[in-house]
Amino acid sequence: MVLAILALAVAAQGEGLTVEPAITTWVEVDSNANRVPDGVIGEDADPGKLMPPGRDVERPVVDGLARADATLDIAWSAPGLRLSAESAAGVKLFVHEVGERLVVAQSRASLVTSRLPGELTLSLSAFGKARAQRSGRRTYALARSDAVLERALFGVAWRGGLVGQAFQALDAPRVSFGGGGVVVGARGPIGDAGRLDVARALAGRGFPFAPRDLDNPGARARRTDGATTLSVQAISARRLFLSVGYLLTRNDSNARGESWLRHRVQALVGFRLPGELTVGAVGSVQLTSYDNGVSLGQAYFLGDDDETQNMLELTLTKPVLGPVSVEARGALFGNELAAEGARFARHTAGIGVRVEL
């Protein structure tokens, strides 16, 4: 995170600097603390396939937990230049499902400068995330970076650049990958308080630890994927904040079961009620069509809150004393809409106290 270090170094100057730390503690109930589908998934989802002798299907477990989250946002601005670093870390302590206890941390650093010839704007960003679970399951590290040039023309900001990404799953090396690609897009205004973003990306991924095709023992090539994405997002920042996005992804793979076409729609809305009560809601619906049946690798990502899942989350926030506010949150999660595979469902409800330091 070179950019994060640079941002901190610049912070020593003090001018144009903002620092926003916060801590939130929660008590919560989770209806599927062990993050498992209600049945079998992947290869075992074949109804004509018998479960191996002595192997039991893991069932969802309801459990309570305490969690704590800390965030730190640092930004520094000068004419034609902005540096920022946004970091967060958290811990979850389940009462009974000890193996599900985890720590997670992530950080994003960015640099945006318009001090370039030709009225160009350069944006550099780097993102890293690490998740460690006591049982070792769903323990991974993710790194992503991009470099994008932007220029305004005819009232529209046109963009193009390079992206790179690497993912390492310690408990399931077969889904680990590295790759990169190109992205192009445009952003334009909608009225006086909105904007529309359109982007198209082409990327390739290599899976160095994936097994070779079992149906072709003589094959030497390991799994490689090529993905094409199209995203459209509209944002309205009036008294009612509204963001609606659509993502179309086509993934082509030389591995059995890993070629698919996916549609995902996500919406976020926020508004304020009397009494300084802020309401926020986010929801998403995902529909995937698999060329050869359900993806075997998708079972791994059921462990994340929003990966390959439908979801609806409602949050209520109210300040109670200066920088202290109370938050209540409820969420529903379910696996994507696809004909194949077992069903996945998870419900959470919690209440927390947030302190902005």
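Look up: the structure comes first, before these words.
This write-up is about the structure you can find in this document. (Residues numbered from 1 in each chain as written. Predicted model: local features only at pLDDT ≥ 70, side-chain atom pairs only at ≥ 80, totals over all residues. Heavy atoms only, no water.)

## Examining the overall build of the chain
Each helix and strand in the chain was counted, giving 1 helix and 16 strands. Here the chain, with 357 residues, has 35% of them falling under the buried criterion. Of the roughly 19,200 Å² of accessible surface on the chain, 63% is carried by carbon and sulfur atoms. (Helix = DSSP H or I, 4+ residues; strand = E, 2+ residues; numbered from the N terminus. Buried < 20%, exposed > 50% of the residue type's maximum accessible area, 1.4 Å probe, protein only. Areas by Shrake-Rupley, 256 points an atom, 1.4 Å probe, with all protein chains shown as cover.)

## Some points on the nonpolar core
What tends to happen in soluble globular proteins is that the nonpolar side chains get buried as a cluster. F127, Y140, L142, F167, A169, A172, V175, F177, F207 and A210 form the largest nonpolar core, which has 10 residues in total. Elements supplying a minimum of two residues to this core: β6 (140-153) and β7 (156-169). If near-sequence neighbours (up to four positions away) are discounted, A210 is found in contact with R174, R222 and R223. (Core = buried A, V, L, I, M, F, W, Y, C linked by side-chain atoms within 4.5 Å. Contact = heavy atoms within 4.5 Å.)

## Here we look at the environment of R223
Tracing the sequence through the fold places R223 in the loop between β9 (194-206) and β10 (224-237). Residue R223 is classed as buried on the basis of its relative accessible area, which comes to 12%. Sequence spacing of R223 and R212 is 11 residues, and the spatial spacing of their C-alpha atoms is 7.0 Å. With residues near it in sequence (within four places) discarded, R223 still touches R205, G206, F207, A210, S253, N254, A255 and E258.

## Examining the environment of V183
Locating V183 in the fold gives a position in strand β8 (residues 177-189). For V183, a relative accessible area of 18% gives the class buried. Linking V183 and L202, residues 19 residues apart in sequence, is a C-alpha distance of 6.5 Å. Not counting residues within four places of it along the chain, the set of residues in contact with V183 comprises V148, R159, G160, G161, V163, A199, R200 and A201.

## A word on unusual backbone geometry
Most peptide bonds are trans, and most residues other than glycine sit at a negative phi. Located in the positive-phi region is E119, a residue other than glycine, with phi close to 55°. Relative to the helices and strands, E119 resides in the loop between β4 (102-113) and β5 (120-133). E119 sits in the exposed class, given a relative accessible area of 61%. Here E276, not a glycine, exhibits a phi torsion of approximately 60°, which is positive. If you trace the backbone, E276 turns up in the loop between β12 (260-273) and β13 (277-290).

## Section: the side chain of S284
Relative to the elements of secondary structure, S284 occurs in strand β13. For S284, the side chain forms a polar contact with the side chain of R264, separated by 3.0 Å. (Polar contact = N/O pair within 3.5 Å; in protein donor to acceptor, adjacent residues only side chain to side chain.)

## Topic: the pattern of salt bridges
Under the criterion given, the structure shown has 17 salt bridges. The partner of D225 in a salt bridge is R223, with the nearest N and O atoms 2.7 Å apart. The salt bridge involving R354 is made with E356; its shortest N-O contact spans 3.7 Å. For R354, a relative accessible area of 22% translates into the label partly exposed. Members of the salt-bridge network, linked through shared partners, are E28, R67, D69 and R329. (Salt bridge = Lys/Arg side-chain N within 4 Å of Asp/Glu carboxyl O.)

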